[in-house]
Amino acid sequence: MSKHLNLTLHVWRQKNTNCDGKFVEYPAENVSPDMSFLEMLDVVNEGLIRKGEDPITFDHDCREGICGTCSMVINGRPHGPKERTTTCQLHMRSFQDGESITLEPWRAEAFPVLRDLMVDRTAFDRIIAAGGFISVPTGSPQDANALPIPKVNAELAMDAAACIGCGACVAACPNASAMLFVSAKINHLGQLPQGQPERYSRVRDMIAQMDAEEFGTCTNHGECEIACPKGIKMENIARMNRDFLKASITYRPAVVGGGAG
Amino acid sequence: MELKSQIPDGPIEKKWDKHKFDLKLVNPANKRKYKVIVVGSGLAGGAAAASLAELGYEVECYCYQDSPRRAHSIAAQGGINGAKNYHGDGDSVRRLFYDTVKGGDFRAREANVHRLAEVSNNIIDQCVGQGVPFAREYGGLLDNRSFGGAQVSRTFYARGQTGQQLLLGAYQALERQIGLGAVKMFSRHEMLEVIVVDGVAKGIVTRNMVTGKIESHVADAVCLATGGYGNVFYLSTNAKGCNGTAIWRAYKKGAAFANPCFTQIHPTCIPVTGDHQSKLTLMSESLRNDGRIWVPKRKEDCGKPASQIPEDDRDYYLERKYPSFGNLAPRDISSRAAKQACDEGRGIGATGRGVYLDFDDSIKRLGQPKIEERYGNLFEMYERITDENPYKTPMRIYPASHYTMGGLWVDYNLQSTIPGLFVLGEANFSDHGANRLGASALMQGLADGYFVIPYTIGGYLAGIKPGSRIKLDDPAVKATEQTVTDQIGRLFAIKGKQTPDHFHRELGKVMWEYSGMGRNEAGLKKALELIPQIREEFWNNLCIPGTGEEVNQSLEMAGRVADFLELGELLCLDALNRRESCGAHFREEWQTGEGEAMRDDESFCHVAAWEYQGEGNAPVRHTEQLAFESLHLATRNYK
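Residues numbered from 1 in each chain as written. Chains lettered and ligands numbered in written order. Predicted model: local features only at pLDDT ≥ 70, side-chain atom pairs only at ≥ 80, totals over all residues.

**Looking at the overall build of chain B**
Stage number 1. Broken down by element type, chain B carries 17 helices and 19 strands.
Stage number 2. Relative to the globule expectation of 26 Å for 639 residues, the C-alpha radius of gyration of chain B, 24 Å, shows essentially globular dimensions.
Stage number 3. Here the C-alpha coordinates of chain B stretch approximately 75 × 60 × 50 Å along the principal axes.
Stage number 4. When the 639 residues of chain B are sorted by exposure, 60% land in the buried category.
Stage number 5. Considering only intrachain contacts with a sequence separation of at least 6, the fraction spanning at least 24 residues in chain B is 74%. (Helix = DSSP H or I, 4+ residues; strand = E, 2+ residues; numbered from the N terminus. Rg over C-alpha atoms; globule rule 2.2 N^0.38 Å. Buried ≥ 20, exposed ≤ 12 C-beta atoms within 10 Å, placed from the backbone. Contact = placed C-beta atoms within 7 Å.)

**Points about the packing of helix 3 (residues 43-55) of chain B against helix 6 (residues 162-179) of chain B**
Residue and element names in this part refer to chain B.
Stage number 1. Contact geometry of helix 3 with helix 6 gives a least axis separation of 8 Å together with a crossing angle of 35°. Read as a crossing pair, helix 3 and helix 6 show a hand that is left-handed. Taken together, the residues of helix 6 that come into contact with helix 3 (itself represented by Leu43, Gly46, Ala47, Ala49, Ala50, Ala53 and Glu54) are Leu166, Leu167, Ala170, Tyr171, Ala173, Leu174 and Gln177. (Axes fitted to C-alpha atoms, helices over the stretch in contact; angles between N-to-C directions. Left-handed = near helix turned anticlockwise from the far one by under 90°.)

**Comments concerning the nonpolar core**
Inside soluble globular proteins, nonpolar side chains tend to come together where they are buried.
Stage number 1. Judged by nonpolar contacts, the single largest core of 285 residues is most densely connected at Val36(B), Cys223(B), Leu224(B) and Leu408(B).
Stage number 2. The element that contributes the greatest number of residues to this core is helix 16 (residues 553-577) of chain B, accounting for 13 residues. (Core = buried A, V, L, I, M, F, W, Y, C linked by C-beta atoms within 7 Å.)

**Focus: the sheet that holds strand 8 (residues 214-218) of chain B**
Residues and elements named next belong to chain B.
Stage number 1. A sheet is described by the order of its strands in space; here three strands give the open sequence 6-7-8, paired in antiparallel fashion. Each having just a single partner strand, strand 6 (189-197) and strand 8 make up the two edges of the open sheet. When the angles between neighbouring strand axes are averaged without regard to direction, this sheet yields 30°.
Stage number 2. Sheet topology places strand 6 next to strand 7 (residues 200-208); eight bridges connect them, and they run antiparallel. Each residue of the ladder has a partner; that of Glu193, found in strand 7, is Val205.
Stage number 3. Packing of helix 13 (residues 475-493) onto the sheet brings it into contact with strand 6, strand 7 and strand 8, and relative to strand 6 it is tilted by some 140°. (Pairing = 2+ DSSP bridges.)

**Quick look at the interface of chain B and chain A**
Stage number 1. Taken together, the contact between chain B and chain A spans 66 residues of the former and 69 residues of the latter.
Stage number 2. Breaking the side of chain B that touches chain A down by element, the ones donating at least two residues are helix 3, helix 5 (110-130), helix 6, helix 11 (368-386), helix 12 (441-461) and helix 16 of chain B.
Stage number 3. Counting residues per element, the side of chain B that touches chain A draws most heavily on helix 6 of chain B, at nine residues.
Stage number 4. Considering only residue class, the side of chain B that touches chain A consists of 22 nonpolar, 27 polar and 17 charged. (Nonpolar A, V, L, I, M, F, W, Y, C, P; charged D, E, K, R; others polar.)

**Description of the domain arrangement of chain B**
Many structure descriptions define interface size as the accessible area lost when the parts assemble.
All names here are of chain B.
Stage number 1. Here chain B is partitioned into domain 1 (27-263 + 403-461), domain 2 (266-401) and domain 3 (475-618).
Stage number 2. One C-alpha centre belongs to domain 1, the other to domain 3; they are set 23 Å apart.
Stage number 3. Counting residues per element, the side of domain 1 that touches domain 3 draws most heavily on strand 6, at five residues.
Stage number 4. Class assignment for the residues of the side of domain 1 that touches domain 3 results in 23 nonpolar, 13 polar and five charged. (Domains from an automatic or database assignment.)

**Considerations on helix 6 of chain B**
All names here are of chain B.
Stage number 1. The terminal C-alpha atoms of helix 6, which comprises 18 residues, lie 25 Å apart, in line with the 26 Å expected from a rise of 1.5 Å per residue.
Stage number 2. Of all 18 residues in helix 6, 17 are buried, a share of seventy percent or more.
Stage number 3. Phi turns positive one or two residues past the end of helix 6, at Gly181, with a value near 85°. (Expected span 1.5 Å × (residues − 1).)

**A look at the domain arrangement of chain A**
Residue and element names in this part refer to chain A.
Stage number 1. The domain architecture assigned to chain A consists of domain 1 (5-114) and domain 2 (122-249).
Stage number 2. On a C-alpha basis, the centres of domain 1 and domain 2 stand 29 Å from each other.
Stage number 3. Between domain 1 and domain 2, the residue contacts involve 18 residues of the former and 16 residues of the latter.
Stage number 4. Across the side of domain 1 that touches domain 2, the residue classes tally to eight nonpolar, six polar and four charged.

**A look at unusual backbone geometry**
Residue and element names in this part refer to chain B.
Stage number 1. A positive phi angle is found at Asn85, which is not glycine, with a value near 55°.
Stage number 2. A tally of 18 C-beta atoms within 10 Å means that Asn85 is categorised as partly exposed.
Stage number 3. Residues other than glycine seldom take positive phi values, yet Asp387 does so here, at roughly 65°.
Stage number 4. With respect to the element layout, Asp387 can be found in the loop between helix 11 and strand 15 (395-404).
Stage number 5. Residue Asp387 is classed as partly exposed on the basis of its C-beta count, with 13 C-beta atoms lying within 10 Å.

**Topic: the environment of Asn112(B)**
Residue and element names in this part refer to chain B.
Stage number 1. Residue placement: Asn112 occurs in helix 5.
Stage number 2. Under the C-beta neighbour-count criterion, Asn112 is labelled buried, with 28 such atoms within 10 Å.
Stage number 3. Distance in space between the C-alpha atoms of Asn112 and Met395 is 37 Å, their sequence separation being 283 residues.
Stage number 4. Aside from chain neighbours lying at most four places away, what touches Asn112 is Tyr412, Ser430 and Asp431.

**Quick word on the packing of helix 14 (residues 500-515) of chain B against helix 16 of chain B**
Residue and element names in this part refer to chain B.
Stage number 1. Where helix 14 contacts helix 16, the two axes come as close as 9 Å, and the packing angle between them is 20°. Judged by the angle between their axes, helix 14 and helix 16 are roughly parallel. Remark: the crossing between helix 14 and helix 16 carries left-handed chirality. Listed contacts from helix 16 to Pro500, Asp501, Phe503, His504, Leu507, Met511, Tyr514 and Ser515 of helix 14 are Ser554, Met557, Ala558, Val561, Phe564, Leu565, Gly568, Leu571, Cys572 and Ala575.
Stage number 2. Split by residue class, the contact of helix 14 with helix 16 holds 13 nonpolar, four polar and one charged. (Parallel < 35°, antiparallel > 145°, perpendicular 65-115°, else oblique.)

Pasting the structure below:
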């Protein structure tokens, strides 16, 4: 059995979006290295509740690294020190006995803090609603094998589609840019033949919404790629920029005429 | 209460086509005058909300997560079944139908399962159309893998993230409708009550999880797609937020709850490490395509590292007991076999509750790159959690609560016993009988959402006068809202000392011990004594800090635990009353000499649907007889 850890947490506490926040110190004692990071916080929270104090609010759900709900900046890094690992999959064996750990919410203009470590990420949903889809009403497609897709494209699409929409890329970026997130969706759909008809309108519409949500722009720092728990690559941003340029030059609004009779 | 299944007449292959034609239609210009509420945004809810909006209905969709994309369907790993027979290995709609009925140990409705198998092919087409990046072969055509309980390769997959990709497909279709203004989305809203007026569902009451505001929403029909109740066991593969509140509150409003004791324990999860454990992580069943399950033959070897146990001293017990299905035996059978090996003292790992899932042979046969391509992300996930490299040492796995086949009773139209209240996906009981086969949950969720409810809800709405829905200031609406406010008040008023999680853990221990993989009369009676005691303690010693008018995760959890404390009791009561073993419901009194489940078709070839009788009164058990006209009732045999 490995040794248990005693830690000091510095946690951002903020009652709601309109209040000011501050750091509060909490001890986390006798922590098993086999615990996940969120299980460590569960134990701290149960202690707070028993004392009648407000527990630390944080977003979490599946706790297996796929839903993208968990979100916190641990010692200055979104999702903590381990690469390609979400907070819920981070285990306490990654920390040393006696260590101080600072916990903050995602910090970005477009992600207002709702409480403590919980933020509002609905801006991402609005970007998808602006164009992050293939328009195919239920029941309309042809047979699934009617359209062969080269394996290499299918794999590239899957690489980009692995994005969990957690927002770590935004939190890591000095400009709070959402370009890694947006480009992942553009490339997922853009790699596939089904995605071609809307390829250029999609990139225009999603980028317009991204700007409207007040995310920053990309200046090639590359922090997003390092923070991404799913290994989404920056080359997606380059491809998106290429599509965006082409879309801007060749854009022609669709002519919609009324039907006769 | 009368359980009218509404199964259409005619031969099984023609029932759904005939029914679709017989259902009344809603005039396209009238569709926008009907409002439908969809609760839940997973595969069933997301697909339903998007499809209903495409048809022209006014739709509102609610979820407790911060985004509809995060519903727990996202965590499904292995794949989705479809009877395409692209590989010419003998698959067909009839075979998928047969496998599913047999896998469910003949406790599902034939007509529903046949419809599921029929639309399975449409689902694959729909998802590919949406851009779901399914795995492909070098020629560009779709690849398949095998899953438990089937001898054909019919499972379509997207690496180990099939649920994620299918959900993103449905989510994107939903977001498209939100962007068009056809769906109004309410994320971070928890449904706490159904509004029922004169016995008909007319809306819901929700709590805004950011502001704490209690709000009513009225509609012409309500669809619950709120998932299963596997978290009644506390430790499960479900997300932490998954809960039974929506279906439980509907049950207390008059919706019958069917087969609550049919709960699936998944054989391949990462074992428990200590008391701090908050959830268990699934390792996809697809791993059993290439992994071999074993324990040491002798107890004395259990402490040794796997590499030091020679081939001859290993017991590949699934291959030994079930030679024709081997490591791909169905989930219930594999789980019980693992428990049996551990009960015999041959379990491995620190707790002795674990068995090996070994890839050594496959890595030698196919090479590591091929295994990485198939399961890379799962192997990474395993290593992250356990700090062990599964390419080098075999995985350790143990069964855990995963899926609930039971749920609200629905007829062929997916309508519950409350008219106007429809139930979709895992939240209903309809298609899996007493055991669900792998890769069938995604299929059922999407079938209900994309291809069933858009037809059947029309049949219901066509009978309602457009524009006749109740108003928000209706006294029935206000009264329902008040019950929600009162319950929250009662929870805050306890002012005790213990956390909601504490009571949840206590309940989970009882459920797992007495109503988990093996059940018997004495144990179930014990559980039925213990659960009311925990509930009593809960209502006297719960502590929730803060107020209801702010983000309050303790309050959210407390409400869910309060419902689980009642639901768990019904589950045990149902298990006690079903005096047979079938599928995942294993009553130790009913087993063969070899430890296989023994069904009692004479007495229990039926669905048990429970009707609520008010607080403090015993619920009434109704039955719906299951008729097998197309298939013969047979003993399951995977040997």
